[in-house]
Each structure stands twice: as structure tokens, then as C-alpha cells.
Amino acid sequence: QVQLVESGGGLVQPGGSLRLSCAAPTNIFSINAMGWYRQAPGKQRELVASITWGGSTNYADSLKGRFNMSRDTVKNTVFLQMNSLQPEDTAVYYCYADIRPTLWTSSRAYWGQGTQVTVSS
């Protein structure tokens, strides 16, 4: 069973920063990409950012310049650096990973349990 372990959420004041991390198991065959979605109360889940294991990144247009995603391919961990946070960034942030667990299984998406980010004074 592939489990993603998220950390780094919490409460931050407007203008502040947070760094989220998401770790996938290291005993898997391959990772194609990992990323983050978020879901605010009463809203649909939306893409925040993603990164391929080759290093290509993709960001929601509204977040470019404030959020930065990186990865550690040895530890199978991704990081989301969030700067200049605003109340509208308040949401549950979900990590996902497109993983091929073994040589004999197909790739599929796996999801973390979500971590709450609250931006408030």
C-alpha cells in the first residue's frame, strides 16, 4: 500500500510563509510526478502545483511567483514553499503522486490525507 506523508500545514498570518512537504515511500518502482491540490470550504478542489520527476513544474496561474515547488528524488519527497500567503489561500492542501509501485503494476494516482493551511490574523 502506497502512503503519502504530508507535513507543514498550520496557521500563519497574512503575508507569512509556510513550507509543505510530502513524502512517498522509497521502496517503489518509479514516480512520474507529484503535486498539490487544495480545497477551500464550499469550493472545488483545484490544482496548486505539480512537478515531474524530471523536474518540470506547473503552477496555477494565480499562484505563480508566490509558490515554488521542488523535489528530492533520493527521499521521494516534494516541497511546496508558499510565500506572501493571503486569507484566500486558506484550504486543505492535498498531496498527490503518480506512482508505479512495482515493475508489474501500472501507474496510478495516490493521495495524501490533507493538511490544513489557515491564513488569518
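Attention now goes to unusual backbone geometry. Of note, Asn76 is a non-glycine position whose phi angle comes to about 55°, a positive value. Its location among the elements puts Asn76 in the loop between strand 7 (67–72) and strand 8 (77–82). Phi is positive for Ser84, close to 50°, though the residue is something other than glycine. Mapped onto the elements, Ser84 comes out in the loop between strand 8 and strand 9 (91–100). With relative accessibility at 37%, the residue Ser84 sits in the partly exposed group.

Moving on to the sheet that holds strand 3 (residues 18–23). Spatial strand order, 1-3-8-7: four strands in an open sheet with antiparallel pairing. Each edge of the open sheet carries a strand with a single partner, namely strand 1 (5–7) and strand 7. Ignoring strand direction, the axes of neighbouring strands in this sheet form an average angle of 15°. Both strand 1 and strand 3 contribute to a ladder of three bridges, which runs antiparallel. Following the sheet pairing, Ser7 is matched in strand 3 by Ser21.

Among the secondary structure elements, Asp89 is positioned in the loop between strand 8 and strand 9. Owing to a relative accessible area of 0%, Asp89 belongs among the buried residues under this scheme. There is a polar contact of 2.8 Å between the side chain of Asp89 and the side chain of Arg66. With residues up to four places along the chain from it excluded, the contact list for Asp89 reads Arg38, Leu63, Arg66, Phe67, Ser84, Val117 and Val119.

The next subject is the state of the cysteines. In total, this model carries one disulfide according to the counting rule given. Each sulfur of the disulfide joining Cys22 and Cys95 lies 2.0 Å from the other. Because the sign of the S-S torsion sets the handedness, a value of about -85° for the bond joining Cys22 and Cys95 places this disulfide among the left-handed ones. Highlighted residues: Cys22 in strand 3 and Cys95 in strand 9, separated in sequence by 73 residues.

Turning next to the pattern of salt bridges. A side chain of one charge can pair with a side chain of the opposite charge if their charged atoms are brought near each other. Using the criterion set out here, one finds four salt bridges in the structure. The salt bridge partner of Arg38 is Asp89, with a shortest N-O separation of 2.9 Å. Placement of the pair is Arg38 in strand 4 (residues 30–39) and Asp89 in the loop between strand 8 and strand 9, with a sequence separation of 51 residues. A residue is classified by how much of its surface remains accessible, and Arg38, at 7% relative accessible area, is buried. The closest approach of N and O atoms between Arg66 and Asp89, which form a salt bridge, is 2.8 Å. In this pair, Arg66 sits in the loop between strand 6 (57–59) and strand 7 while Asp89 sits in the loop between strand 8 and strand 9, placing the two residues 23 residues apart along the sequence.

Definitions and limits used
Residues numbered from 1 in each chain as written. Predicted model: local features only at pLDDT ≥ 70, side-chain atom pairs only at ≥ 80, totals over all residues. Heavy atoms only, no water. Helix = DSSP H or I, 4+ residues; strand = E, 2+ residues; numbered from the N terminus. Buried < 20%, exposed > 50% of the residue type's maximum accessible area, 1.4 Å probe, protein only. Pairing = 2+ DSSP bridges. Axes fitted to C-alpha atoms, helices over the stretch in contact; angles between N-to-C directions. Polar contact = N/O pair within 3.5 Å; in protein donor to acceptor, adjacent residues only side chain to side chain. Contact = heavy atoms within 4.5 Å. Disulfide = S-S within 2.5 Å. Salt bridge = Lys/Arg side-chain N within 4 Å of Asp/Glu carboxyl O.

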